[in-house]
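Here are the chains, one letter per residue:
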Amino acid sequence: PLAVPVTIVNNTTTTVTTQPKTGLVTDALARAAATLHGTVTYTSRGSSIYLQKYLGQANTTTGTWLVQLNGQSIVDLSQSTLKQGDSIVMTYLAS
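Residues numbered from 1 in each chain as written. Predicted model: local features only at pLDDT ≥ 70, side-chain atom pairs only at ≥ 80, totals over all residues. Heavy atoms only, no water.

Here we look at the pairing of strand 1 (residues 4-10)
- With 5 of its 7 residues buried, strand 1 lies for the most part within the structure.
- With antiparallel pairing between neighbouring strands as the criterion, strand 1 and strand 2 (residues 12-18) make up a hairpin whose turn holds 1 residue, including asparagine 11 at a positive phi of roughly 70°.
- Pairing between strand 1 and strand 8 (residues 88-94): 4 bridges, direction parallel. For isoleucine 8, the partnering residue across the bridge sits in strand 8 and is methionine 90. (Buried < 20%, exposed > 50% of the residue type's maximum accessible area, 1.4 Å probe, protein only. Helix = DSSP H or I, 4+ residues; strand = E, 2+ residues; numbered from the N terminus. Pairing = 2+ DSSP bridges.)

Right, dumping it as C-alpha cells:
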C-alpha cells in the first residue's frame, strides 16, 4: 500500500506516516490530522480544493498553512496525486 509521510511544523515538528486510500493529498492530510486527534477543513471553488483549517488553526490574516509536496508549494490540493516516495510538509506561518 501507498505510505506517505506528513510532517507538521507548528511550534513542534511531528511526522506521521499515512496510508491514503485514494492517493489524494486531501486524504493524506485528513488521515494525518485524525492520527493526531485533530481535524481538517477544506473549501472548494469549482473543481479546486483549498485548505481552510488544519489542527485547529485556520488560514487567516494572522497566519497561514504552507503545504509542500516534495518541496514544492501547492495551493490547489486537487491538482496533485500521491505516489510512493512522496512526502508532504505542512508549516504554519504566523504573520
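Regarding helix 1 (residues 25-35)
- Taken as a whole, helix 1 has its buried residues at Val25, Thr26, Asp27, Ala28, Leu29, Ala32 and Ala33.
- Summarising the contacts, the buried residues of helix 1 are in contact with strand 1, strand 2, strand 3 (40-45), strand 4 (48-54), strand 7 (72-74) and strand 8.
- Looking one or two residues beyond helix 1, the residue adopting positive phi is histidine 37, at roughly 60°. (Contact = heavy atoms within 4.5 Å.)

Observations regarding unusual backbone geometry
- At asparagine 11, a position not held by glycine, the phi torsion is positive, near 70°.
- Locating asparagine 11 in the fold gives a position in the loop between strand 1 and strand 2.

Looking at the sheet that holds strand 5 (residues 57-58)
- A sheet is described by the order of its strands in space; here 3 strands give the open sequence 3-4-5, paired in antiparallel fashion. Edge positions in the sheet fall to strand 3 and strand 5, since each of these pairs with one other strand and no more.
- Where strand 3 lies against strand 4, 6 bridges are found, and the strand directions are antiparallel. Its bridge partner lying in strand 4, arginine 45 is registered against serine 48.

In short, geometric facts, not functional conclusions.
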